[in-house]
Amino acid sequence: MQTDHDESPEQPGEPDSGTADGASEPEPAPHPEPATPPAAPDSAPEPQPRPRTRFRKLKIASAVIAGLLALTIGGGVWWLNTSLHASYPKTSGTLRVPGLTAQVEVDRDAQGVPQVYASSSHDLFFAQGYVQAQDRFWQMDVYRHITAGRLAEMFGSSQVDTDKFIRTMGWRTVAEQEYSTLNADTKAYLTAYSAGVNAYLKDHKGSKASVEYAVLGLQTDYSPYEWTPVDSVAWLKALAWDLRDNMQSEIDRALASQKLTKDQVDQLFPPYPSDHPTIVHQGTVTNGAFDQNASSSDVTNALPADAAPALASLSHAVSTLPDTLQPHTDGVGSNSWVVSGALTSTGKPLLANDPHLAPQLPSIWYQMGLHCTTLNADCPFDVTGFTMPGTPGVVIGHTPTIAWGFTNGTEDVTDLVLEKVSGDSYEYNGHQLPLTTHQETIKVAGGKPITLTIRATNQGPLVSDTDKDLRSAGNGYAVALRWTALHPSNTADALFEVDRATDWTSFRAAAKDFAVPSQNMIYADTSGNIGYQTPGQIPIRKAGDGSWPVPGWTDQYEWSGYIPFDELPHVLNPSEGFIATANNPIIGSQYPYTLSKDFDYGYRANEITKRLQASTAAGKKIDADGMRAIQSDTRNEFASVLVPYLTRLPPSSSQQTKDGRALLENWDYTVTDKSPAAAYFYEIWKYICKDAFSAKLPTSVEVDGGDQWFAAATTLLPDATSFWWNGNRDTLLAKAMDEASKDLTSNQGSNAKLWEWGTMHKLKPTNQTLGTGGPFFVKWLVNGDPVSVSGGSAVVDATSFDITKGFTVDEVPSMRMLVDLSNLDASTWINLTGASGHVDDAHYLDQLPLWRTFRTLPWAYSRAAVQAAAKDTLLLTP
């Protein structure tokens, strides 16, 4: 996130005893051995990420610091030392925090992960707010500015366009409406959480809250304001936006149709492969309910040519949003699977989950346990897992009796609606109706306020309006967004309901309230049951299937309602003995409703399913190590399709191409960071995408090289004279091989055996605010060092990238977890970065080296296990 300006222990409220010790080095925790394949014998050792000890180098860099920050050398060192350490949290001793009703205990393990123990729900969520703010308040503050469309207040005019887009959609307004509809318990939990955050803020201003405020204070007079329950609710809108599915596919189809025939567009969006699995394998709706044992008119609008600029405007606006708000690549989403105890070595279920999101520093997830010291009606929580900073409760995890996970269901819950706009009115069913308009003021740090006029039709806000120049170029057309998340729902209720669920029935009751985003929910319990539920508000369309923008000047394409919850697909204890979800189609054509036309193409789902089937076919019981090994799977199924076409080509005159071809001939199609063949394969694929697809499409249609393009190429490769191959497939492929070997020789040397995928495929831990747009030294301070990673798009280890921009990772398994229902203390987890959001804290990036090598950490749950793992104990008192 760019700004307009380029280039001490925590002070508790009323301390009784103890010192801040967050900066101490943690003791290493035991963890399973990595499941990653061994490095090639002739490979050099992989350098580890630089330890977070940047301040220790300040004496060397003091002159640079002084110059960049306009301070004296000595003053710069003192200022940075003070600012860095001032916000480190107090993690041991006793701390008086007014607002609590009784003492709360916070135990932190060697990675700084907190487990909170309280005697009431109020104190539990109050403490959650306080502790999350201790570690992550800067991140929480930025999140609420995103959802309110107020980033420019912090970062200046560079964020005005983002604010305009978010304000146009009205996330904050919807969140305010949503809060008013929540049940009394949920409001009480949100209010207690907010009180805990504000108790922290009371005594933590500027650098005492986070070093980023000290840096920002050199440029603006921004100061955080009080946290409110609506701040928490609003983040659910950002999450829903990140997990929306096919909006870009709608735009791409429509814009591609300006240069291509309908048949050619369809070739770029082929049907789901028949040999890839669905999630639910049988069942349909009978008598108004889904029965897992039962058996059982597309829109192809030609886009009006004059409407193209309005869609291009929307595509541009979406592409410039912060990384936090946009999925970058097809072929990623999330993985989850659950295995019945009948197939496991423990006799109880095992459940795995790894959601795929844009990498963030700090991570979008915050590991935490929330425990009532005595379970009763007033305090029914004993839950642990992954939380989101700024949101109370646990999003993914387990209770004493159940575990659950999420993947994106990829259900189509958005429609782009083309509107015929004339002045202040729009056409609808033969009549001119007045546009709904209102104005909002965007405050800009270092600049003058900006007045934004927001227009809407009966279909939704005109999201193509956000750029004034593009708005005037709309040729009488505009684009409205119809989206389930723009209507109030009870998703916040669902988060707390699942946190206190005890069985399949109460789990499904919670899922019924989980409206937005639509997800896949997998389930396991200590009684041995496994299950799956599709939740969410999924629209029923009068006409069309949601794959193309639809005309708004008629009511023909409106929504007639939502699929009733009881008719949504779900399954309990399927005969296969396992359930796998990876954003693939939920169910087959026997299902009477259209869920989406743009599911993931199932490469990850197919690999997971094959791995599970292979174990059961061999009569082997699946254990925890086997589940973790699947999470580290890097086999690229599409490579097994493309490579035979490459190795059958006539030999090239280039020695480097011959050497590269030899790599492919002996390749097992795994894309580990040390693999020379993977490096060559992806370079070849880059040139195929460029010459076969990008060259024939409008520049606004991005060929990211993910699963859609794998599937398209798979269907097109048998036709050697296809339009997409410029009439000669083999010539295009041979050229791609020569260009790829030339690039690799230039970048990694002439010895093909020393090429490495990880040299070009790196993860750059980047602070999403000052780490992207601050002065050089600030970016050096807040960002981590790039690390080589295995994996890629449309493989189980989904470290994806946009091939038009290179191979830098832009989507990752944001965490990995494995829940063992036979012994919850035997479960394991890992976060992408670390518990802390404070630069140079010992826990800022301490989990990344483990994550990168597929290792996980012990996940203590029982009181005894938590106490045994505790390295710090903090008592919060009233």
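Predicted, not measured: the structure shown is a model, and the values here were computed from it.

**Observations regarding the overall build of the protein chain**
Looking only at helices and strands, the protein chain has 27 helices and 33 strands in total. The buried share of the protein chain, taken over its 878 residues, is 64%. Counting only carbon and sulfur atoms, one obtains 51% of the accessible surface of the protein chain, whose full area is about 30,000 Å².

**Re the state of the cysteines**
One pass over the structure, following the stated rule, counts 1 disulfide. Note on cysteine connectivity: Cys 372 is disulfide-linked to Cys 379, with sulfurs 2.0 Å apart. The disulfide joining Cys 372 to Cys 379 has a torsion of about -85° about its S-S bond and is therefore left-handed. In this pair, the class of Cys 372 matches that of Cys 379, namely buried.

**Digging into the packing of helix 20 (residues 676-693) against helix 22 (residues 729-748)**
In contact at an axis separation of 8 Å, helix 20 and helix 22 are set at 130° when each is read in the N-to-C sense. As the angle between them shows, helix 20 and helix 22 are arranged oblique. Crossing geometry of helix 20 relative to helix 22 is assigned as right-handed. Touching Ala 679, Tyr 680, Glu 683, Ile 684, Lys 686, Tyr 687, Ile 688, Asp 691 and Ala 692 of helix 20 are Leu 732, Leu 733, Lys 735, Ala 736, Met 737, Glu 739, Ala 740, Ser 741, Asp 743 and Leu 744, all from helix 22. Its residues assigned to classes, the contact of helix 20 with helix 22 comprises 12 nonpolar, 1 polar and 6 charged.

**A short note on the pattern of salt bridges**
Enumeration according to the criterion identifies 30 salt bridges in this entry. Note that Arg 863 and Asp 107 form a salt bridge whose closest N and O atoms lie 3.0 Å from each other. A salt bridge links Arg 816 to Asp 797; the shortest N-O distance between them is 3.3 Å. Of the two residues, Arg 816 sits in strand 30 (residues 815-820) while Asp 797 sits in the loop between strand 28 (787-788) and strand 29 (812-813), which places them 19 residues apart along the sequence.

**Digging into the sheet that holds strand 18 (residues 460-461)**
As summarised here, the arrangement of the 3 strands in space is 16-17-18, forming an open sheet in which the pairing is antiparallel. Of all the strands in the sheet, the pair left with one neighbour each is strand 16 (436-442) and strand 18. As judged from the 2 bridges shared by strand 17 (residues 450-457) and strand 18, these two strands associate in the antiparallel manner. Note that in strand 18 the partner of Ala 456 across the bridge is Pro 461. The strands that helix 5 (residues 160-169) touches are strand 16, strand 17 and strand 18; relative to strand 17, the one it contacts most, it runs at about 35°.

**Examining the confidence of the model for the protein chain**
With 85% of its residues at a pLDDT of 70 or more, the protein chain has an overall mean of 89. Here residues 297-301 is a poorly scored stretch, pLDDT under 50, and it has 15 contacts once near neighbours within four places are set aside; other chains count.

**Observations regarding unusual backbone geometry**
Cis geometry is found at the peptide bond from Leu 361 to Pro 362, where omega equals 0°. Of note, Asn 287 is a non-glycine position whose phi angle comes to about 55°, a positive value. Mapped onto the elements, Asn 287 comes out in the loop between strand 5 (284-286) and strand 6 (289-291). Non-glycine residue Asn 429 carries a positive phi angle of around 50°. Of the residues examined, Asn 429 reaches a relative accessible area of 34% and is grouped as partly exposed.

**Side note on the nonpolar core**
Of all hydrophobic cores here, the largest spans 214 residues; its most connected members are Met 169, Trp 483, Trp 667, Trp 685 and Ile 688. Core analysis: the second largest hydrophobic core is formed by 17 residues, Leu 343, Met 627, Ile 630 and Val 796 among them.

**Some points on the pairing of strand 13 (residues 414-422)**
Strand 13 sits mainly inside the fold: 7 of its 9 residues count as buried. Where strand 13 and strand 19 (residues 477-483) come together, 7 bridges link them in antiparallel fashion. Each bridged residue has a counterpart across the sheet, and for Asp 415 the counterpart in strand 19 is Arg 482. Bridge analysis of strand 13 against strand 23 (residues 550-551) gives 2 bridges, and the strand direction is parallel. What sits directly across from Val 417, in strand 23, is Val 550. Where strand 13 folds back onto strand 14 (residues 425-428) in an antiparallel hairpin, the turn is made up of 2 residues, including Gly 423, whose phi is positive at roughly 60°.

**Side note on the packing of aromatic side chains**
Counted by the stated rule, this structure contains 46 aromatic pairs. For the pair Tyr 682 and Trp 757, a centre-to-centre distance of 4.2 Å together with 20° between the ring planes defines the contact as stacked. With a gap of 75 residues between them, Tyr 682 in helix 20 and Trp 757 in helix 23 (residues 757-760) connect regions that are remote in the sequence. In this structure, Tyr 682 and Trp 757 share a single accessibility class: buried. A connected cluster of aromatic rings, assembled from ring pairs, spans Tyr 603, Phe 638, Trp 667, Tyr 669, Phe 681, Tyr 682, Trp 685, Phe 710, Trp 757, Phe 801 and Phe 807.

**Some details on the pairing of strand 15 (residues 431-434)**
Here strand 14 runs beside strand 15; their pairing, made up of 4 bridges, is antiparallel. Residue pairing across strands places Tyr 428 opposite His 431, the latter belonging to strand 15. With antiparallel pairing between neighbouring strands as the criterion, strand 14 and strand 15 make up a hairpin whose turn holds 2 residues, including Asn 429 at a positive phi of roughly 50°.

**Examining the side chain of Arg 253**
Assignment of secondary structure puts Arg 253 in helix 10 (residues 247-256). Side chain to side chain, Arg 253 and Asp 598 meet in a polar contact 2.7 Å long. The residues touching Arg 253, leaving out its near neighbours within four places in the chain, are Val 265, Phe 269, Ser 547, Trp 548, Lys 597 and Asp 598.

**Thoughts on the environment of Ala 624**
By secondary structure assignment, the location of Ala 624 is in helix 17 (residues 624-631). For Ala 624 and Leu 818, which are 194 residues apart along the polypeptide, the C-alpha to C-alpha distance reads 7.5 Å. Non-local contacts of Ala 624, meaning those with residues more than four positions away in its chain, are made with Leu 350 and Leu 818.

**Let's talk about the packing of helix 19 (residues 655-665) against helix 22**
Viewed as axis vectors pointing N to C, helix 19 and helix 22 meet at an angle of 100°, and their least axial separation amounts to 9 Å. Here helix 19 is positioned roughly perpendicular relative to helix 22, judged by the angle of their axes. Here helix 19 contributes Gln 656, Thr 657 and Arg 661 to the contact with helix 22, which in turn contributes Met 737, Asp 738, Ser 741 and Thr 745. Residues that form the contact of helix 19 with helix 22 fall into these classes: 1 nonpolar, 4 polar and 2 charged.

**Brief notes about helix 15 (residues 504-512)**
Where helix 15 is concerned, the buried positions are Trp 504, Phe 507, Arg 508, Ala 510 and Ala 511. The buried residues of helix 15 occupy one face: seen down the axis, they fall within an arc of 155°. Those residues of helix 15 that are exposed and angled more than 90 degrees off the buried face are Thr 505 and Lys 512. Looking at the packing, one finds that the buried side of helix 15 touches strand 12 (402-408), helix 14 (491-499), strand 20 (519-525), strand 21 (530-533) and strand 25 (570-572).

**Structural notes on helix 14**
With 9 of its 9 residues buried, helix 14 lies for the most part within the structure. Here helix 14 has its buried residues at Thr 491, Ala 492, Asp 493, Ala 494, Leu 495, Phe 496, Glu 497, Val 498 and Asp 499.

**Some points on the side chain of Thr 344**
As for its placement among the helices and strands, Thr 344 is situated in the loop between strand 7 (334-339) and strand 8 (350-357). On the basis of relative accessible area, Thr 344 is assigned to the buried category, the value being 3%. Here Gly 347 takes part through its backbone nitrogen, which lies 3.2 Å from a polar atom of the side chain of Thr 344. Within the local environment of Thr 344, its side chain forms a polar contact with the backbone oxygen of Lys 348, the two atoms lying 2.7 Å apart. The contacts of Thr 344, once residues within four sequence positions are left out, are Val 339, Leu 350, Lys 621 and Ile 622.

**Describing the environment of Ile 684**
Within the fold, Ile 684 resides in helix 20. For Ile 684, a relative accessible area of 0% translates into the label buried. With 59 residues separating them along the chain, Ile 684 and Asp 743 place their C-alpha atoms 9.8 Å apart. Setting aside residues up to four positions removed in sequence, Ile 684 forms contacts with Leu 646, Leu 664, Ala 736, Met 737 and Ala 740.

The rules behind these values
Residues numbered from 1 in each chain as written. Predicted model: local features only at pLDDT ≥ 70, side-chain atom pairs only at ≥ 80, totals over all residues. Heavy atoms only, no water. Helix = DSSP H or I, 4+ residues; strand = E, 2+ residues; numbered from the N terminus. Buried < 20%, exposed > 50% of the residue type's maximum accessible area, 1.4 Å probe, protein only. Areas by Shrake-Rupley, 256 points an atom, 1.4 Å probe, with all protein chains shown as cover. Disulfide = S-S within 2.5 Å. Axes fitted to C-alpha atoms, helices over the stretch in contact; angles between N-to-C directions. Parallel < 35°, antiparallel > 145°, perpendicular 65-115°, else oblique. Left-handed = near helix turned anticlockwise from the far one by under 90°. Contact = heavy atoms within 4.5 Å. Nonpolar A, V, L, I, M, F, W, Y, C, P; charged D, E, K, R; others polar. Salt bridge = Lys/Arg side-chain N within 4 Å of Asp/Glu carboxyl O. Pairing = 2+ DSSP bridges. pLDDT = per-residue confidence, 0-100. Core = buried A, V, L, I, M, F, W, Y, C linked by side-chain atoms within 4.5 Å. Phe/Tyr/Trp six-rings, centres within 6.5 Å; stacked < 30°, edge-to-face > 60°. Polar contact = N/O pair within 3.5 Å; in protein donor to acceptor, adjacent residues only side chain to side chain. Arc of directions from axis to C-beta.

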